[in-house]
Structures are given as C-alpha cells and as structure tokens.
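Each chain, letter by letter, is given below.
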Amino acid sequence: MAATHTGTIHKHFRLDQKKLKRAQKVLEAATETETVERALDLAISEYERNRITVEANAKFLKSGISIRDAFGGLEG
C-alpha cells in the first residue's frame with residue numbers, strides 16, 4: 001500500500017493492544033494510526049519543552065543572580 005501523504009510511510013509494529021486502546025481513549029483519537037501519530041507528537045513536544053527548560057535554567061544560573069529565601073527556610 002503506497003503512502004498518500006508526503007512524508008508518510010507504511011509500517012508494521014507489534015504493539016500491546018490494551019495499551020494502544022487505552023492511549024486511543026486518553027488521546028481521544030478516532031483510529032489507531034491517529035493514536036500513534038498523537039503519541040509521537042506528544043513525545044516530540046515534551047522533548048522540546050524539556051530542552052528549552054534546560055537552556056533557560058543554564059542561562060539563569062550563568063547570569064549570577066542571587067536567590068534569597070524570603071521565609072528563611074533555606075538558611076542554615
């Protein structure tokens with residue numbers, strides 16, 4: 001069966017049927033293919049969020065800003 005969408009390929013996977021159906025319900029996907037597509041999109045977006053967060057933390061720490069606990073809980 002040939003792909004109809006640009007960048008779309010035909011693949012065969014062995015997947016846990018219960019897990020796939022649960023993901024389909026959680027992701028509110030109409031088909032199993034849509035379920036896998038949405039799950040992949042979520043994984044990619046999660047990776048990007050984490051990458052951006054790590055970069056922001058690195059910039060914050062390199063800025064030399066001083067962090068003070070207003071409630072005194074961190075002070076020895």
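An account of the accompanying structure is given in this report. Source: prediction; values computed, not measured.

1. Section: the pattern of salt bridges
One pass over the structure, following the stated rule, counts five salt bridges. The shortest N-O distance in the salt bridge between R38 and E34 comes to 2.5 Å. Of the two residues, R38 and E34 are both situated in helix α2 (residues 32-62); the distance of four residues between them amounts to about one turn of the helix. Of the charged contacts in the structure, one is a salt bridge between E55 and R51, with a shortest N-O distance of 2.8 Å. Of the two residues, E55 and R51 are both situated in helix α2; the distance of four residues between them amounts to about one turn of the helix. Several salt bridges converge on common partners, so that one network encompasses E48, R51 and E55.

2. Thoughts on the side chain of Q24
Its location among the elements puts Q24 in helix α1 (residues 17-26). We classify Q24 as buried; its relative accessible area is 11%. Those residues in contact with Q24 that lie beyond four places of it in its chain are A29, A30, T31, E32 and T35.

3. Describing a nonpolar patch on the surface
There is a patch of nonpolar side chains on the surface, built from F13, L15, V36, L40 and I44 and spanning about 500 Å² of accessible area. With respect to the element layout, L15 can be found in the segment before α1.

4. A look at α1
Helical geometry note: an α-helix holds 3.6 residues per turn, so side chains three or four residues apart project in the same direction. Between a side-chain oxygen at the N-terminus of α1 and the backbone nitrogen of K18 the separation is 2.9 Å; the capping residue is D16. Following α1 by one or two positions, E28 has its phi on the positive side, about 55 degrees.

5. As for unusual backbone geometry
Excluding glycine, a negative phi dihedral is what most residues carry, and trans is how most peptide bonds are arranged. Residue E28 is not a glycine yet carries a positive backbone phi of 55 degrees. Relative to the helices and strands, E28 resides in the loop between α1 and α2.

How each quantity is defined
- Residues numbered from 1 in each chain as written.
- Predicted model: local features only at pLDDT ≥ 70, side-chain atom pairs only at ≥ 80, totals over all residues.
- Heavy atoms only, no water.
- Salt bridge = Lys/Arg side-chain N within 4 Å of Asp/Glu carboxyl O.
- Helix = DSSP H or I, 4+ residues; strand = E, 2+ residues; numbered from the N terminus.
- Buried < 20%, exposed > 50% of the residue type's maximum accessible area, 1.4 Å probe, protein only.
- Contact = heavy atoms within 4.5 Å.
- Patch = residues over 30% accessible without salt bridge, like charges linked within 9 Å, V, L, I, M, F, W, Y side chains within 5 Å.
- Areas by Shrake-Rupley, 256 points an atom, 1.4 Å probe, with all protein chains shown as cover.
- Polar contact = N/O pair within 3.5 Å; in protein donor to acceptor, adjacent residues only side chain to side chain.

Nothing here speaks to function; it is geometry throughout.
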